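This is what each chain is made of:
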Amino acid sequence: MKGQDKEALAYLYNKYGAALYGVAQRIIKNDDVTSEVIQDVFLKIWNKIPSYDSKKGRLFTWMLNLTRNAAIDKIRSKEIKKSGKTDSVEDNVYTIDQQNSAEMSVDGIGVKELMGDLVEEQRFIVQKIYFEGYTHSEISKECDIPLGTVKSRLRSALSHLRKRVRK
Amino acid sequence: MDIKEYISSGILEAYALDGLSSEERRGVEDMLAQYPELRAELNAIEEGLEALALETAITPPSDLGASILSQIEDKEAPAGATAETKVVAMQPKTSVWAYVAAASIALAAIASFLAYDYHTKWQSAQNAFAQLQANNELMASQYNQVNQKLEQLEDDIEIIGNSDFQRVNMGAVNEGDNYTASIYWNAKTEEAFLSIQNLKQLSEEQQYQLWAIVDGKPVDMGVFDFDVKGLLKMKSVANAATFAVTIEPKGGSVNPTLEAMQVAGNVG
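Residues numbered from 1 in each chain as written. Chains lettered and ligands numbered in written order. Predicted model: local features only at pLDDT ≥ 70, side-chain atom pairs only at ≥ 80, totals over all residues.

As named in an unreviewed UniProt entry, chain B is Regulator of SigK, taken from Roseivirga pacifica.

The following block contains the structure:
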């Protein structure tokens, strides 16, 4: 039984490790810290999988959110330690793609290419929320966009990306 | 509640990305339980997130996987020290594994059902297709028949309307009979066509035979059945003075059986 469970985790890692690594890496922007976080995330998956409730959503979504939350927690704590303040959203809007462009072109079709045909407002929201881990209300407050608009923009952006990814 | 509006508000995306307050989450969960189309949309959103993450994956350092698995082994060892904790820990994990297995079994079942379903549909489509083909062939042959009849009628009309053809009416020979037939004869080309108006039914062994009287002698113009429709081309003849029809044994005779003459008519 124990062997089988480990096999299941190895299966999950083989299938989703790179996807989750990509998610965390884009938030953290540092390979060593990302590896550390991904290791923690899989230990969490191992420990918490009994509490995963398939009625509330897909297994991947659950793992995705564990990863995003762990990555966000990591950069928040580090940023606070380092500088005592969080970067304002405006400052690093499009810096991530430049920093990560090397890795991004390695796997898949690349974020830049995927995001290329989103309209400016949608790209911004996806960048901040999906790839950088800002919360909806943070974006709303920092950029002075109504919360409802943030949500609906994220929706139209994600459904657009969904169509592109499935091609 | 307008479901479309609810969906387009983007709240399901926010839910999927864990971006809602716990109060809002409960609201979404209530809605999901009520409306299956919301559940389907959420599922599509989650599949999209998964596809997006897989598409933008970044290969982790090669030793990361091994390091994770070895850490789990380290943690498992003390956990397995007491039998009680072991049972508690294993039970739910097994259930997740069982969930994965159940999902794959369900998938296999769905796939074989679909295969069977498509096979059945394919077969019934093939049957329908074969039936359509048969119908089509039948229609084509009926069309050909009709077309041939039409062509024959057109030919007949041409002959009837052609002033070079002379109509010779043959009336009943025996008193009391009302048999009639006609010959369309072209004296120039010597062509002759027969048209039955009214002749009696013959037995299987008998046929009618057409004769022309030329210079006082009967000339055979061929045999025909009692049920011929339209104009029937007979043998050509020149200088005919009279046409007559006799009943002969099947295949015809060399000389007419005069007692069995049914109709006759002189060229006018």
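**So, the overall build of chain A**
Helix and strand counts for chain A stand at eight helices and zero strands. For chain A, the N- to C-terminal ordering of α and β elements is α-α-α-α-α-α-α-α. Expressed as a percentage of its 167 residues, the buried residues of chain A come to 38%. (Helix = DSSP H or I, 4+ residues; strand = E, 2+ residues; numbered from the N terminus. Buried ≥ 20, exposed ≤ 12 C-beta atoms within 10 Å, placed from the backbone.)

**A short note on the overall build of chain B**
The helix and strand inventory of chain B stands at six helices and eight strands. Per-residue burial for chain B yields a buried fraction of 22% across its 268 residues. Once local pairs closer than 6 in sequence are excluded, the contacts in chain B between residues at least 24 apart make up 55%. (Contact = placed C-beta atoms within 7 Å.)

**A short note on the UniProt feature "coiled-coil region" (unreviewed entry) in chain B**
When the UniProt feature table is mapped onto this chain numbering, "coiled-coil region" (unreviewed entry) sits at residues 129-163 of chain B. Secondary structure across residues 129-163 of chain B comprises 94% helix and 0% strand; the distance between its end C-alpha atoms is 52 Å. (UniProt positions renumbered as here; feature names shortened; annotations may be inferred.)

**Regarding the environment of B:Asp155**
With respect to the element layout, B:Asp155 can be found in helix 6 (residues 83-161). In sequence terms B:Asp155 and B:Leu231 are 76 residues apart; their C-alpha atoms lie 8.7 Å from each other.

**Brief notes about the nonpolar core**
A general feature of soluble globular proteins is that nonpolar side chains tend to end up buried together. One finds A:Leu20, A:Ala24, A:Ile38, A:Phe42, A:Ile125, A:Val126 and A:Ile129 to be the most contacted residues of the largest nonpolar core, which totals 60 residues. Among the elements that take part in this core, helix 1 (residues 2-28) of chain A stands out by supplying eleven residues, more than any other. Counting residues in each nonpolar core, the second largest holds 26 residues, with B:Phe165, B:Val168, B:Ile183 and B:Ala240 among its members. (Core = buried A, V, L, I, M, F, W, Y, C linked by C-beta atoms within 7 Å.)

**Considering the interface of chain B and chain A**
Interfaces are often described in size by the accessible area the parts lose on coming together. Every contact between the two is made by 42 residues of chain B and, on the other side, 53 residues of chain A. When contributions to the side of chain B that touches chain A are tallied by element, the ones reaching two or more residues are helix 2 (11-16), helix 4 (36-55), helix 5 (64-79) and helix 6 of chain B. Element by element, the count of residues in the side of chain B that touches chain A is highest for helix 4 of chain B, at ten residues.

**Topic: the pairing of strand 5 (residues 217-224) of chain B**
All names here are of chain B. When strand 4 (residues 206-214) meets strand 5, the two strands line up antiparallel, connected through six bridges. By the bridge assignment for strand 5, Ala212 is matched with Val219. Connecting the antiparallel pair strand 4 and strand 5 is a turn made up of two residues, with Asp215 showing a positive phi of about 50°. (Pairing = 2+ DSSP bridges.)

**Focus on the environment of B:Asn239**
By secondary structure assignment, the location of B:Asn239 is in the loop between strand 6 (232-234) and strand 7 (242-249). Here the alpha-carbon distance between B:Asn239 and B:Ile213, two residues 26 residues apart in the chain, equals 8.6 Å.

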